[in-house]
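Letter by letter, the chains look like this.
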Amino acid sequence: MIIGKPAPFVRAFVDAVDEAIRAQSPSHGMSAMQRTWLAFCVTAVLVTNSICWARFERASLGTYSLAALSWMFRHSKMPWDELLVASVRVILHHYGITSGSLVIDDTDNPRSKAAKALAHLYKLRDKESGGYIWGQSLVFLLLVTPTISLPVGFAFYQPAPEFSAWYKKEKALKKQGVAKQQRPPKPPANPAYPTKQQLALRLLERFHAQHPTFRVHCIMADALYGTAPFVDGASVTFGGVQVISQIRSNQKVRVHKRDQHVADYFATHPGTPHTIRIRGGEEVIAIVGSARLYVCSHKTKRFVVALKYEGEETYRYLIASDLSWRTLDIVQGQTLRWLVEVFIQDWKSHEGWSQLTKQPGEEGARHSVILSLLVDHSLFVHPDQQDQLKNNLPAYTVGSLRANVQVECLVDVIDDLMSSDEPQDKLKRFTKALHEVFAFGRSKKHMIQRQLGRLEPTPALKYRADEVMRHIPVMST
């Protein structure tokens, strides 16, 4: 696809973000060149589905060079730390959003073993194969509102090197049958390498500090974040707000001074069928049981919910920090957590970062993620998307909007060509630029102009072959 100039709605979005930055910090606004560069890059990500300067150069037919684009990304004093915050403010103000719920989740992105220059790389557990892959891991904070869902924060995760070394040794010693007393103890926490739970708490604290008047209804996360420090910390950050997570089936609860697994408790207290509305839409039947129980690992009472949908054989166990909520409200609130999975799928498929992003270093990794999230935000001010949302109609998908932008950019180039004063001369220059950018590549599959080698027998060696065959030992049958 081809880009003539930044999409008009993207340029308007970048200008609005710049105004939001200047409203908070007048000296941190972007220059005209920075705004043009950013608008072009956001448009180029939508068109090429990558953050790759070489692709951007080809898409612009050489109007923007690879070197210039890379220099702006690396050396221009862009207010990177304020771009995402200002972008969120622009979208919230544009749609008059003052409240919503926050969802936390993490995702892995595989990388090549040869990609040593990328930041935050480590061995990831591959759920599909059961082995390990080289890649990066990110924690996302998604805001879910009655109108839209948008990413509002992220952080890279990387385990401490000493912990990775200890875990590798621990696994080997356990396999050898070495007793726990004889194995090395777990190393203390390294503040330079926070856990995913700590990163999630920092994202929540940052969002609260950046948007102090925003009302949060509840916070949702999966079982990884079902720990007491996270649940209590997240709730306190927003003044005691509800936090919904999960616990394992073998976690202990205390009932009448007796500890037992939560699965054993609900085995003797089975749930009853209820109609649940999934994310405000489809209605399904689910078996739901609940009780306010003392969770031993949390050292406090939690609202524990046992949930099993039709076709499922085992329960999943939800916990909620606020004991005053109704059971079905907790269950239906937990269904919103799935929306972060949809965002991550869209982000990986259509917003450039996961497809082809090889910006090295800490700044390269972080700034390229910010750029891709600005792409997600910009689509909320696309004219067709605005019409849908403001008329209370279903929003368009990211994939369909990106395809629409690709077509609009191509039509814009053709329109500019046809409306010029000298269309024939401009067409010749345009065609020449096309041929220069999309030049033929030399194939390595064919052997022309290469030494194929002498692939035939040598007559002088025929006697040697006969002699070898005569000395082959006879095998007994």
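Here is a short report on the structure shown in this document. (Residues numbered from 1 in each chain as written. Predicted model: local features only at pLDDT ≥ 70, side-chain atom pairs only at ≥ 80, totals over all residues. Heavy atoms only, no water.)

What to know about the pattern of salt bridges
Here is step 1 of the chain: Evaluated as defined, the whole model comprises 14 salt bridges.
Here is step 2 of the chain: A salt bridge links Arg-277 to Glu-283; the shortest N-O distance between them is 2.5 Å.
Here is step 3 of the chain: Overall, Glu-283 belongs to the partly exposed group, its relative accessible area being 47%.
Here is step 4 of the chain: Arg-464 is the salt-bridge partner of Glu-467, the closest N and O atoms lying 3.6 Å from each other. Of this pair, Glu-467 and Arg-464 both sit in helix α16 (residues 462-470), separated by 3 residues, roughly a single helical turn.
Here is step 5 of the chain: Sharing partners across several salt bridges, the network here consists of Asp-15, Asp-18, Arg-22 and Arg-35. (Salt bridge = Lys/Arg side-chain N within 4 Å of Asp/Glu carboxyl O. Buried < 20%, exposed > 50% of the residue type's maximum accessible area, 1.4 Å probe, protein only. Helix = DSSP H or I, 4+ residues; strand = E, 2+ residues; numbered from the N terminus.)

A closer look at the environment of Gly-361
Here is step 1 of the chain: Structurally, Gly-361 is set in helix α12 (residues 361-378).
Here is step 2 of the chain: In sequence terms Gly-361 and Leu-118 are 243 residues apart; their C-alpha atoms lie 5.5 Å from each other.

Considerations on the side chain of Ser-372
Here is step 1 of the chain: With respect to the secondary-structure elements, Ser-372 resides in helix α12.
Here is step 2 of the chain: Assessed through its relative accessible area of 0%, Ser-372 is described here as buried.
Here is step 3 of the chain: Once residues lying within four places of it in the same chain are set aside, the contact partners of Ser-372 are Ile-51, Trp-347, Glu-351 and Trp-353. (Contact = heavy atoms within 4.5 Å.)

Examining the layout of surface pockets
Here is step 1 of the chain: Taken as a whole, the largest pocket encloses approximately 1600 Å³ of empty space.
Here is step 2 of the chain: Listing elements by their share of the lining of the largest pocket, those giving two or more residues are β1 (99-110), β2 (122-125), β3 (132-144), α6 (161-175) and α7 (196-210).
Here is step 3 of the chain: At 7 residues, α6 tops the list of elements feeding residues into the lining of the largest pocket.
Here is step 4 of the chain: Broken down by class, the residue content of the lining of the largest pocket amounts to 19 nonpolar, 6 polar and 15 charged.
Here is step 5 of the chain: A volume near 1000 Å³ is recorded for the second largest pocket.
Here is step 6 of the chain: If you trace the second largest pocket, you find 35 residues lining it, with Thr-145, Thr-147, Ile-148, Ser-149 and Leu-339 closest to the centre.
Here is step 7 of the chain: Secondary-structure elements contributing two or more residues to the lining of the second largest pocket are β1, β3, β5 (215-221), α11 (338-350), α13 (383-390) and α14 (398-418).
Here is step 8 of the chain: For the lining of the second largest pocket, the element with the most residues is α11, which contributes 5 residues.
Here is step 9 of the chain: Grouping the amino acids of the lining of the second largest pocket by side-chain chemistry returns 19 nonpolar, 12 polar and 4 charged. (1 Å grid on protein atoms, 1.4 Å probe; cavity = no way out; pocket = protein on both sides within 12 Å on 5 of 7 lines; lining within 4 Å. Points joined across faces, edges and corners; volume = space filled by probe spheres on them. Nonpolar A, V, L, I, M, F, W, Y, C, P; charged D, E, K, R; others polar.)

Thoughts on unusual backbone geometry
Here is step 1 of the chain: In this structure, His-256 is a non-glycine residue whose phi angle is positive, near 55°.
Here is step 2 of the chain: In this fold, His-256 is placed in the loop between β7 (252-255) and β8 (258-261).
Here is step 3 of the chain: We classify His-256 as exposed; its relative accessible area is 78%.
Here is step 4 of the chain: For Lys-257, which is not glycine, the phi torsion reads 65° and is therefore positive.
Here is step 5 of the chain: The residue Lys-257 is located in the loop between β7 and β8 in this model.

Details of the packing of helix α1 (residues 8-24) against helix α2 (residues 32-48)
Here is step 1 of the chain: Contact geometry for α1 and α2: axes closest at 9 Å, N-to-C directions at 135°. Judged by the inter-axis angle, α1 sits oblique to α2. Between α1 and α2 lies a crossing whose hand is right-handed. Across the interface between the two elements, Phe-9, Val-10, Arg-11, Val-14, Asp-15, Asp-18 and Arg-22 from α1 touch Arg-35, Thr-36, Leu-38, Ala-39, Val-42, Thr-43 and Leu-46 from α2.
Here is step 2 of the chain: Residue composition of the contact of α1 with α2, grouped by class: 7 nonpolar, 2 polar and 5 charged. (Axes fitted to C-alpha atoms, helices over the stretch in contact; angles between N-to-C directions. Parallel < 35°, antiparallel > 145°, perpendicular 65-115°, else oblique. Left-handed = near helix turned anticlockwise from the far one by under 90°.)

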